Amino acid sequence: MPEDSARRRGRQASGEVSGSLHLRGMGDPPPQSKPAPSSCGTEVMAEGRETVMGDGDVTPRGGPQPAGQHGEALMAELSELVQKVVKSSSWWERHGVDISILACSFLLLPAGFLCLRSARAVPFVAGVLALGVGHHTLAVKGSHLASHNALTHSKPWGKACAVFFIELCSAFTAEQATYNHVKMHHGYTNVIGLGDSSTWKVPFLNRYVYMFLAPIAVPVLTPLVALGLLREVEWKAALRTLCCMFLGLYCHYWLLLHVSGFQSPWSALLCMLLTRSLLAHPYIHVNIFQHIGLPMFAADQKPKRIHLMSLGVLNLPRNALLDWSFGHSLISCHVEHHLFPSLSDNMCLKIKPIVSQYLKQKKLPYNEDTYGSRLRLFLQRYEELMVHAPPITELVGIQ
């Protein structure tokens, strides 16, 4: 099969800037330790102001370097352009659109439970679809926005949103989700051993099992993994997480028995698995498609933020179902999201033309590929991408 088109575009763009930038040996030192998070330390976006946190960029020892200064200047220039758009946007554009989507998804759940009462196929399938889409919108889109504090300016409300969406809806621990995603994955995107998406790899599974069968187990594995991570958080947070996880799972089970009318516990549990895994396949696929297979970097040689994100992040085309359930920032605006992570999905969509035009003008990569193309790539190169250790990109220029 031809080489991945998105990766090829990234490498070609890398070569175009290699004559003006020399970054070998630059980048930030790896963290000395990985402390367990003690609170929902989410990113904060002040009123009308975008704050980028967690990128890990610091000035290397020995004083600033010309290439580093150039990268910082590019990021500052792009940030200024995005800042103007954010300041001129209304509350509805910054937060209201996404809050409304989450509210509609929550209101869709009662209809789903009632449809499952029917013995006819069409209403029953409609109920499964309603519950499945509603659950994934709250659990994926809601959790993702809440982890970045993109739903509100208030820290207390931001923490409440994180607990509700991550723990109650997703059955995971908010502290670990926020730390692993915001601080590690976003701070060290595609940096080997830190934010390289290796948590998504299961080397002992073959390609077909991983891509098509394993996602069904996500609703079962998620709370089990969360339980294993509770020992790394404070006991109060662990107790809160246990209560929220139990409440979310039990409410789903109880409603299937007493509202949807399931006659046996096993049939209710099977329906829970079906609805909670309805979009698990694209969930797994999206998380690996958009980073794995793109350039990877050593922790002590990573480039500056704008180069790191333009090289190591990929956008998929817009898709009505996935845009609704996962959000633009996880599908068609993933590059924009990694550059400005505390913006909401709707704002990422709004700044997309500005970011794409700017990166292309500066001859930086702007990686895009189709879902089908990435799926074929991973099926053909599964061993290389998902089993073996990825090659580290040598920083001569950016490549």
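Residues numbered from 1 in each chain as written. Predicted model: local features only at pLDDT ≥ 70, side-chain atom pairs only at ≥ 80, totals over all residues. Heavy atoms only, no water.

1. Topic: the packing of helix H3 (residues 91–115) against helix H4 (residues 121–147)
Then comes step 1: Between H3 and H4, the least distance of the axes is 8 Å, while the angle of their chain directions is 150 degrees. Considering their axes alone, H3 and H4 lie roughly antiparallel with respect to each other. Here H3 and H4 pass one another in a crossing that is left-handed. Here Asp98, Ile101, Leu102, Ser105, Phe106, Leu108, Leu109, Gly112, Phe113 and Cys115 of H3 lie close against H4, whose contacting residues are Pro123, Phe124, Gly127, Ala130, Leu131, Gly134, His135, Thr137, Leu138, Lys141, Gly142 and Leu145.
Then comes step 2: Here the contact of H3 with H4 is built from residues that sort into 13 nonpolar, seven polar and two charged. (Axes fitted to C-alpha atoms, helices over the stretch in contact; angles between N-to-C directions. Helix = DSSP H or I, 4+ residues; strand = E, 2+ residues; numbered from the N terminus. Parallel < 35°, antiparallel > 145°, perpendicular 65-115°, else oblique. Left-handed = near helix turned anticlockwise from the far one by under 90°. Contact = heavy atoms within 4.5 Å. Nonpolar A, V, L, I, M, F, W, Y, C, P; charged D, E, K, R; others polar.)

2. As for the UniProt feature "transmembrane region" (unreviewed entry) in the protein
Then comes step 1: Here, UniProt's "transmembrane region" (unreviewed entry) annotation points to residues 208–230 and 237–255.
Then comes step 2: Secondary structure content for residues 208–230 is 78% helix and 0% strand, while the C-alpha to C-alpha distance between its ends is 32 Å.
Then comes step 3: Annotated as 100% helix and 0% strand, the span residues 237–255 places its first and last C-alpha atoms 27 Å apart. (UniProt positions renumbered as here; feature names shortened; annotations may be inferred.)

3. A closer look at the packing of aromatic side chains
Then comes step 1: Under the counting rule described, the total for this entry stands at nine aromatic pairs.
Then comes step 2: Their ring planes at 45 degrees and their centres at 6.2 Å tell us that Tyr250 and Tyr253 sit as a pair that is tilted. Of this pair, Tyr250 and Tyr253 are both found in helix H9 (residues 235–258), three residues apart, which corresponds to roughly one turn of the helix.
Then comes step 3: Judged by relative accessible area, which is 40%, Tyr250 ranks as partly exposed. (Phe/Tyr/Trp six-rings, centres within 6.5 Å; stacked < 30°, edge-to-face > 60°. Buried < 20%, exposed > 50% of the residue type's maximum accessible area, 1.4 Å probe, protein only.)

4. Brief notes about the pattern of salt bridges
Then comes step 1: As enumerated under the stated definition, the model contains nine salt bridges in all.
Then comes step 2: With a closest N to O distance of 3.9 Å, Glu77 and Lys362 form a salt bridge. In this pair, Glu77 sits in helix H2 (residues 66–88) while Lys362 sits in the loop between helix H15 (345–361) and strand E2 (367–368), placing the two residues 285 residues apart along the sequence.
Then comes step 3: Look at Lys362 and you get partly exposed, because its relative accessible area is 33%.
Then comes step 4: Of the charged contacts in the structure, one is a salt bridge between Lys350 and Glu93, with a shortest N-O distance of 3.0 Å. With a gap of 257 residues between them, Lys350 in helix H15 and Glu93 in helix H3 connect regions that are remote in the sequence.
Then comes step 5: Exposure remark for Glu93: the relative accessible area of 25% places this residue in the partly exposed category.
Then comes step 6: Because the salt bridges share partners, they merge into one network encompassing Asp98, Lys141 and Asp345. (Salt bridge = Lys/Arg side-chain N within 4 Å of Asp/Glu carboxyl O.)

5. Notes on unusual backbone geometry
Then comes step 1: Even without a glycine there, the phi angle at Ala171 is positive, about 60 degrees.
Then comes step 2: Inspection of the secondary structure puts Ala171 in the loop between helix H5 (155–169) and helix H6 (174–186).
Then comes step 3: According to the relative accessible area criterion, Ala171 is buried, its value standing at 3%.
Then comes step 4: For Ser197, which is not a glycine, the phi torsion comes out positive at approximately 65 degrees.
Then comes step 5: Here Ser197 lies in the loop between H6 and helix H7 (207–213).

6. Describing H9
Then comes step 1: In a regular helix each residue adds 1.5 Å, so 24 residues correspond to 34 Å; H9 covers 34 Å between its end C-alpha atoms and thus fits that length.
Then comes step 2: Among all positions of H9, only Ala237, Ala238, Thr241, Cys244, Met245, Gly248, His252, Tyr253 and Leu256 are buried.
Then comes step 3: Contacts made by the buried residues of H9 are with H3, H4, H5, H6, helix H8 (218–229) and helix H10 (265–276). (Expected span 1.5 Å × (residues − 1).)

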